[in-house]
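Coordinates in review
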Amino acid sequence: MRTNDNPNVMDLTKLVRKNILALAPYSTARDEYQGELDIYLDANENPFNDGYNRYPDPYQKRLKERLSRIKGVDSSRIFIGNGSDEPIDLVYRIFCEPGVHNAVAIAPTYGMYRVAADINGVEYREVMLRDDFGLDAETLLAAADGNTRLLFLCSPNNPSGNVLCRKALERLLTGFGGIVVLDEAYIDFADDPGFLSQLDRYPNLIVLQTLSKAWGMAGLRLGLAFASPEIVRLLTRVKYPYNINVVTQKLVLTLLDKDMPGQVETLKRERTKLLEALPELPVIRKVYPSDANFILVRVDEPRKVYDRLIEKGIVVRDRSRIRGCEGCLRLTVGTPEENERLIAELKAMPV
Ligand SMILES: *Cc1c(COP(=O)(O)O)cnc(C)c1O
């Protein structure tokens, strides 16, 4: 296992694939000229303005400035992707030589880390969380070797719902010599502040966040990666030049005015109500604590409960065939009315 001697300095060239280091990225027309002029004859666009005839800004400058203010992170540390899926795929393509390097991840967790590994021909090593879904840093470090380039962590974790132990995360950030990808898709629902403010301290850290959950923009596909300017430059060189379209860039700027904290407060109140109501129901065997906008519950016959809810017009996520989640269903926190319906239907269920 490699370790960081000096946590504030990192030789990225040792971790990046040679073809990526040598890459001459595609140069767009807007790379060659960036000012504002009257007449654009440089990109073979159709000149008749219908609002969409021009290519989008490949660097999403206005959007990054706005997100920079919201998140308190410099623009140079922000990468914007077509959903979190894009940076998840890109880190494999940048840091892992197929058939050579490997990734270590917690389990159970979000399925895309493995899918992206499989697509890229990268070995994916799962390390089970404890029975209470707690994180043990040493077992993760023990699964890594000299070819481990990526470590995938998710906090609050999906599907378990819990924030991972901060001390253990800090231990991994200093103890692991590769890139640590910490997925904070649900951090707005947690009381924990997450690691966005710690980017300066950990040059090997990539924090993933998304506009798909708390911000309510899953349909627009906007994922965020926060990291050192060096890592952000790498992600930017490898992405499709126009990965975020004109409509999304424009619409997101207006939607970021919405009362996200207000909606999150409502959902957290609803989560509390569900966490109180669910353990009282005969059909529910166990309710796991949650720092996210969903709750993992265990039942005796998950498929029966799932089908029964479908009959009643409610769809939840059956996670019972996932190792570590045997018997478990994942319930997203909905509107007050939706949650009442869910509780009523579960209450009426024969055991
Ligand atoms: C939902 C979710 C995301 C969001 O993915 P997008 O591609 O941004 O919609 C990312 N990570 C986890 C763990 C999730 O559950």
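Look up a bit, the structure's there.
Quick look at the structure, then.

Conventions and cut-offs
Residues numbered from 1 in each chain as written. Predicted model: local features only at pLDDT ≥ 70, side-chain atom pairs only at ≥ 80, totals over all residues. Heavy atoms only, no water. Helix = DSSP H or I, 4+ residues; strand = E, 2+ residues; numbered from the N terminus. Rg over C-alpha atoms; globule rule 2.2 N^0.38 Å. Buried < 20%, exposed > 50% of the residue type's maximum accessible area, 1.4 Å probe, protein only. Contact = heavy atoms within 4.5 Å. Areas by Shrake-Rupley, 256 points an atom, 1.4 Å probe, with all protein chains shown as cover. Core = buried A, V, L, I, M, F, W, Y, C linked by side-chain atoms within 4.5 Å. Pairing = 2+ DSSP bridges. Axes fitted to C-alpha atoms, helices over the stretch in contact; angles between N-to-C directions.

What follows is about the overall build of the chain. Looking only at helices and strands, the chain has 12 helices and 11 strands in total. The C-alpha radius of gyration computed for the chain amounts to 22 Å, which stays within 12% of the reference 20 Å derived for 351 residues, consistent with globular compactness. Split into buried and exposed, the 351 residues of the chain put 52% on the buried side. Considering only intrachain contacts with a sequence separation of at least 6, the fraction spanning at least 24 residues in the chain is 70%. When the accessible surface of the chain is split by element, carbon and sulfur atoms take 50% of a total near 17100 Å².

Time to look at the nonpolar core. When a protein is soluble and globular, its nonpolar side chains tend to lie buried together. If you look at the biggest cluster of nonpolar residues, it comprises 88 residues, and the most contacted ones within it are Y92, F95, L135, F152 and L153. Among the elements that make up this core, the one with the highest residue count is helix α4 (residues 85–95) (six residues). With near-sequence residues (within four places) excluded, F152 lies in contact with I88, V91, Y92, A103, V104, A105, I106, Y113 and V181.

Here we come to the sheet that holds strand β4 (residues 148–154). With respect to topology, seven strands assemble into an open sheet ordered β1-β7-β6-β5-β4-β2-β3, the strand pairing being mixed. The sheet terminates laterally at β1 (78–81) and β3 (123–128), the two strands that pair on one side only. When strand polarity is set aside, the average angle formed by the axes of neighbouring strands in this sheet is 20°. One ladder, built from five bridges, connects β4 with strand β5 (residues 179–183); its direction is parallel. Counted as the bridge partner of L150 is I179 from β5. Where helix α5 (residues 112–119) meets the sheet, its contacts fall on β3, β4 and β5, and the angle it forms with β3 comes to roughly 155°. Contacting β1, β5, β6 (205–210) and β7 (223–226), helix α8 (residues 229–238) crosses the sheet at an angle of about 25° to β1.

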